[in-house]
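# Notes for the structure review
What follows is the residue order along each chain.
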Amino acid sequence: MKTVITFGTFDLFHVGHLNILTRARQLGDRLVVGVSSDALNIHKKGRAPVYDQQDRMHILEELKCVNEVFLEESLEFKSDYIRTFNADLLVMGDDWAGRFDSLSCLCEVMYLPRTPSISTTSVLEIVKRQK
Ligand code: CTP
């Protein structure tokens, strides 16, 4: 059984998120998703996500392509999460290209092309402009 792991905020869940998750799942038998905590996002991006961590996790848990969801508490713990979930493959969008190559001693690392023209940030901008 091949386990694939991926990480992200997945705020304002959109089709770019769905595409990377379905493609990641197709690369193995089981997909585990680490959802970055609200605290981690405040630290990383200087603002809290629109949807809180419970809701972001709940949306992912109900997707057909996702088998398991956990809370990512720190960017520094990726190697621990890979070991804990026995992941064979780490998948990230290519906005992260090269950033996780050091983990290739633990599992295979693959960067998939992002879906063009959509991001949480761009959705937020569109909604703000329409106010
Ligand atoms: N992703 C993707 N295609 C997009 C947007 C995101 O493949 N158009 C992928 C990212 O590469 C990442 C995962 O989805 O592997 C989660 O990304 P996340 O940062 O939560 O979403 P973004 O829309 O990129 O959020 P933001 O605008 O806040 O950076």
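Quick summary incoming for the structure in this document. Computed from a predicted structure; not experimentally measured.

## A short note on the pattern of salt bridges
- Under the definition given, this model contains six salt bridges.
- The residue E72 makes a salt bridge to K78 at a minimum N-O spacing of 2.7 Å.
- Given a relative accessible area of 2%, E72 falls into the buried group.

## Thoughts on the site of the ligand
- In the neighbourhood of the ligand, 15 residues make up the surrounding shell, with D95, T115, I118, T120 and T121 lying closest.
- Here an oxygen atom of the ligand sits 3.1 Å away from a polar atom, N or O, in the main chain of G93.
- Contact distances for the ligand include 2.7 Å between an oxygen atom and a side-chain N or O atom of D95.
- Protein contact buries 91% of the 570 Å² of open area that the ligand shows by itself.
- Residue assignment for the shell around the ligand shows that the elements contributing at least two residues are helix 1 (15-26) and helix 5 (120-129).
- Taken together, the residues of the shell around the ligand break down into three nonpolar, nine polar and three charged.

## A few points about the side chain of D11
- Along the polypeptide, D11 turns up in the loop between strand 1 (3-8) and helix 1.
- Despite its burial, D11 remains without a salt bridge, the nearest opposite charge being carried by R47 at 4.2 Å.
- Once residues within four sequence positions are removed from consideration, D11 is found in contact with H17, R47, P49, V50, Y51, R56 and T120.

## Notes on the packing of aromatic side chains
- One pass over the structure, following the stated rule, counts six aromatic pairs.
- Summarising the aromatic geometry, the rings of F70 and Y81 are spaced 4.8 Å apart at their centres and angled 45 degrees between planes, so their arrangement reads as tilted. A residue pair is termed long-range when its members are at least 10 positions apart, and F70 in strand 3 (residues 68-72) and Y81 in helix 4 (residues 78-84) qualify at eleven residues.
- Using a relative accessible area of 9% as the deciding quantity, one classes F70 as buried.
- Classification of Y81 by relative accessible area gives buried; the value is 10%.
- Its end group placed over the ring of F7, K78 keeps NZ or CZ at 4.6 Å from the ring centre.

What counts and what doesn't
Residues numbered from 1 in each chain as written. Predicted model: local features only at pLDDT ≥ 70, side-chain atom pairs only at ≥ 80, totals over all residues. Heavy atoms only, no water. Salt bridge = Lys/Arg side-chain N within 4 Å of Asp/Glu carboxyl O. Buried < 20%, exposed > 50% of the residue type's maximum accessible area, 1.4 Å probe, protein only. Near = heavy atom within 4 Å. Polar contact = N/O pair within 3.5 Å; in protein donor to acceptor, adjacent residues only side chain to side chain. Areas by Shrake-Rupley, 256 points an atom, 1.4 Å probe, with all protein chains shown as cover. Helix = DSSP H or I, 4+ residues; strand = E, 2+ residues; numbered from the N terminus. Nonpolar A, V, L, I, M, F, W, Y, C, P; charged D, E, K, R; others polar. Lys, Arg positive; Asp, Glu negative; His and termini not counted. Contact = heavy atoms within 4.5 Å. Phe/Tyr/Trp six-rings, centres within 6.5 Å; stacked < 30°, edge-to-face > 60°. Lys NZ or Arg CZ within 6 Å of the ring centre and 35° of its normal.

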